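Chain by chain, the residues:
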Amino acid sequence: MQATRTRRVEMPGMPLSELRVVEIGSGDALGYCGKLFADFGAEVIKIEPPGGDPVRQIGPLVDTGDGRHESGTFAWLNTNKRSVTADLDQPADVARVRALLSSADLLLDARHPTTIAASALSHDELRRAEPGLAITAISWFGEHGPYRDHLTTESVCRSLAGLVKLVGPVAGPPVLSPDGQLGVVTGLTAFIPTLAGLFAGADQGARRFAVNGFESLLQVTEFDIALALEAGFTRPRIGLNRFGRGFPVGNYATKDGWLGVTVVTPAQWLGFCEMLGLPELGPRYSVTADRFVHAQQLIEIIQPALLRKTTSEWFERGIALRLPLAVVPDMAQLLTQQVFRDRGSFAKVAIGSATFEAPVLPQHLTGSPPKPNGRAPLAGADTADTLPTHRRRAQRAATAGDTLPLQGLRIIDLTMGWAGPSAVRQLGDLGADAIKVESCQYPDWFRGTDTRGPYFPERTYEKTYWFQTMNRNKRGITLDLTTDAGLTLLKRLLAEADAVIDNYAADVLPRLGLDVAAMRAINPRLVVVTMPAFGVSGPWRNVRAYGSTLEQASGLPSITGRDGDPPTMVHAALGDPIGGINAAAALMLGLMHQKTTGEGQHIDLAQVECMLPLLAPALIEQATTGATAPRIGNRHPRFVPHGCFPCLGEDQWVTLAVQSDAQWQALCDVMHRPDFAADPALASAEGRRADEDRVEGAVRQWTATVRPDLAMVTLQQAGIAAGVARLPTDLPGDPHLMAIGHWQPVVRPFMGPHLLPSVSYREGDATTPYAIERLAPTLGQHNAEILGGLLGLDDHSIAKLREDNVIGDTALSKTGKPARAG
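Residues numbered from 1 in each chain as written. Predicted model: local features only at pLDDT ≥ 70, side-chain atom pairs only at ≥ 80, totals over all residues. Heavy atoms only, no water.

Peer 1: How do you make sense of the pattern of salt bridges when you look at a structure like this?
Peer 2: Pairs can form between side chains of opposite charge whenever their charged atoms are close. Taken as a whole, this structure holds 54 salt bridges when the rule is applied. In this structure, Arg694 engages Asp691 in a salt bridge whose closest nitrogen and oxygen atoms are separated by 2.6 Å. You can call Arg694 partly exposed: its relative accessible area is 38%. For Asp691, a relative accessible area of 27% puts it in the partly exposed group. Here the salt bridges share partners, and the residues they tie into one network are Arg410, Asp433, Arg475, Arg774 and Glu785. (Salt bridge = Lys/Arg side-chain N within 4 Å of Asp/Glu carboxyl O. Buried < 20%, exposed > 50% of the residue type's maximum accessible area, 1.4 Å probe, protein only.)

Shown next, in the form of structure tokens:
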């Protein structure tokens, strides 16, 4: 390879501008992980086969000029990257790629694990030759376990991960979501440990991580898994336009569109009834269980009332009443909503002669924001010998003696619920000292919201399963921030911290005198992450929201399900885990900028914006064609047949996808249908789509005679992507998850023995994940350790704080005293 001819000009203010990244492989997860690097300033070089990545031909297609049409989604995933074509079966091309890797900081590799192992660019060989090269492998199921070699699609993987079976009509079939979500979730999940490794890399050495999509998706399922482990069962599928265990939670028609409603607490129900002019309903159905049981009766009363006003009128009234309501937009409405326009949520993507709008990365670092999309390369637009020079930062590989990559960082966790705590947990898993701050008067609401009965005397707030899941690898203290003493102690913690994160409503901390400016005045190098639903500014900044509200406001329900059905929810409070993963990525970016410059900054994360990348294909279709295709339910624009089909047994289902005409022939063999195999009208996907009802009828006829696990095994052996539609309660016994050590048995005070999930990646050649170092803290567990050991308070001062209820280790009632039984 010839010496490079130019030196790269780095853009100032970009957190990753000192990095060179090489991508090998294909797929949305690889593309999105690389986009995070490229749009934040890294030089990302995509290695494509001659003729280009096959994903360039997956719709929606845009006219790039000279008679070419390429994927708009591919272009969005590959903004600000370079493209070099190489045939990795040819020694000369392998040598050119190897030379590129000799100067790279990171290899992102989405080839199948067996392909990597047999390649001239195997990871073992690269690590021997280039010990300073960090590597992250991205695959569907990881490098070990019984599913490793399974053929899959997004719907198949989602089904196995427990994200399908709870959605849809009571009688079935379960509803499959459109493609586009798994790649974003997996790409983000890969980005977090990868950037953590690079954060420490110059000091500790380069690391290799292996990340898989299946475990990444379990971050979305984990709350329902925890519910199932606590209750011993998973709630049933309760029908279209129903969500969770509450009511009303769903999307309801108004005078001109759809209103997303999430009513959880008795106070919200009373306010909702008052808003509708139906105050008499409030007291009669103030108990959630009563509303759930009488849901159909209440719908018949509520729905006519909602038809009297427009969606916007109800929504604005909801803001005033602090009700979690949302405008449920379609793609055309979403692209024009002023709240997103004002935040710059969409920006131009260019490829060839085509330009169109698409979502901007939601990690809104106010001091070093991402590039607002940009130009994507045509295949082979660059050549290896004309790329600018680059010097790798790390010179050695990490060893077993190195600490976890974020060891030495301190993060103050002011979050509650799911989104914020799961974000901080990600960095705690990687070695950061995460200090969770609660108060005895207002513990994290994930410890339980019903303070009646045994909550205080039996300390049930220490026994909720989902709190344990979200808060591993943290220390915990209590501080009453409504007191001067509590506020002073928090400020002392902030003065020595690297980052702080809160997910309160936008007006909560400012009322305590702790707005962003105040926190940064205490510590100018502090990274401050705020994550209200719509950001800290704008007319919707005070919108109250749950994870379901975020899903509704994102527009995702309008592209899910069948044409003619109400906008369809995915039944996973999707906004919470998606917000958490995005916040963790944002934290890492802020910390990377801080390490390079010594500067802190505010990261204004709007959780609803975090949802927009999940809709990118539909948004791009709307932006490029002026319309979005009608919803097609469980069918697929490319794979025929594709769906979730009934199996032998009660409410048993298998998801399958035929991705080629050869697979269709294999399916006909499995179904014992030589007549279908010989029918020339069904030989192509277009032909099968023209007769899709008859094709699906034949598939149902076969699957109904087979147990779901046997159907999956039989189809996989025939070379057809298939997976059981599992319930969350099935996942602790999933054979793949058991084999790869995903579940860690632990014992904690008040909880006793229980299972906790692990991280979604492995480091080095490890076949098991990081061990959990700390279990979720009991309330105030580390008060003395942190206030005494870290802040230097003496025993007398700590005792006085306890006496004044500024700190403590038991929850207090509103009277400020522990409640007693009876």
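From this point, things continue past the structure.
Peer 1: Which parts of the structure should I look at to understand helix α13 (residues 311–321)?
Peer 2: The periodicity of an α-helix, 3.6 residues per turn, causes residues three or four places apart in sequence to face the same way. Those residues of α13 lying buried are Thr311, Trp314, Phe315, Gly318 and Ile319. Buried residues of α13, seen end-on, are gathered within an arc of 140° and therefore sit on one face of the element. At its buried positions, α13 is contacted by β10 (258–262), α9 (266–276), α12 (295–306) and β11 (325–327). (Helix = DSSP H or I, 4+ residues; strand = E, 2+ residues; numbered from the N terminus. Arc of directions from axis to C-beta. Contact = heavy atoms within 4.5 Å.)

Peer 1: Before we go on, may I ask you to explain the sheet that holds strand β22 (residues 653–657) in this structure?
Peer 2: Pairing between the strands of a sheet is mediated by backbone hydrogen bonds and can be parallel or antiparallel. Overall, antiparallel pairing links the three strands, which are arranged β21-β22-β23 in an open sheet. Each end of this open sheet is capped by a strand with a single partner; those strands are β21 (642–646) and β23 (721–724). For this sheet the average axis-to-axis angle between neighbouring strands, irrespective of direction, equals 20°. Pairing between β22 and β23: four bridges, direction antiparallel. (Pairing = 2+ DSSP bridges. Axes fitted to C-alpha atoms, helices over the stretch in contact; angles between N-to-C directions.)

Peer 1: How do you make sense of the packing of aromatic side chains when you look at a structure like this?
Peer 2: Each pair of aromatic rings is reported with the distance of its centres and the angle of its planes. On inspection of all chains with the given rule, the structure shows 19 aromatic pairs. Summarising the aromatic geometry, the rings of Phe141 and Phe214 are spaced 5.6 Å apart at their centres and angled 65° between planes, so their arrangement reads as edge-to-face. Placement of Phe141 in the loop between β7 (134–139) and α6 (154–160) and of Phe214 in helix α8 (residues 213–231) is noted, with a sequence separation of 73 residues between them. Since its relative accessible area comes to 0%, Phe214 is described here as buried. Geometrically, the ring pair formed by Phe223 and Trp418 is tilted, given 5.4 Å between the ring centres and 40° between the ring planes. (Phe/Tyr/Trp six-rings, centres within 6.5 Å; stacked < 30°, edge-to-face > 60°.)

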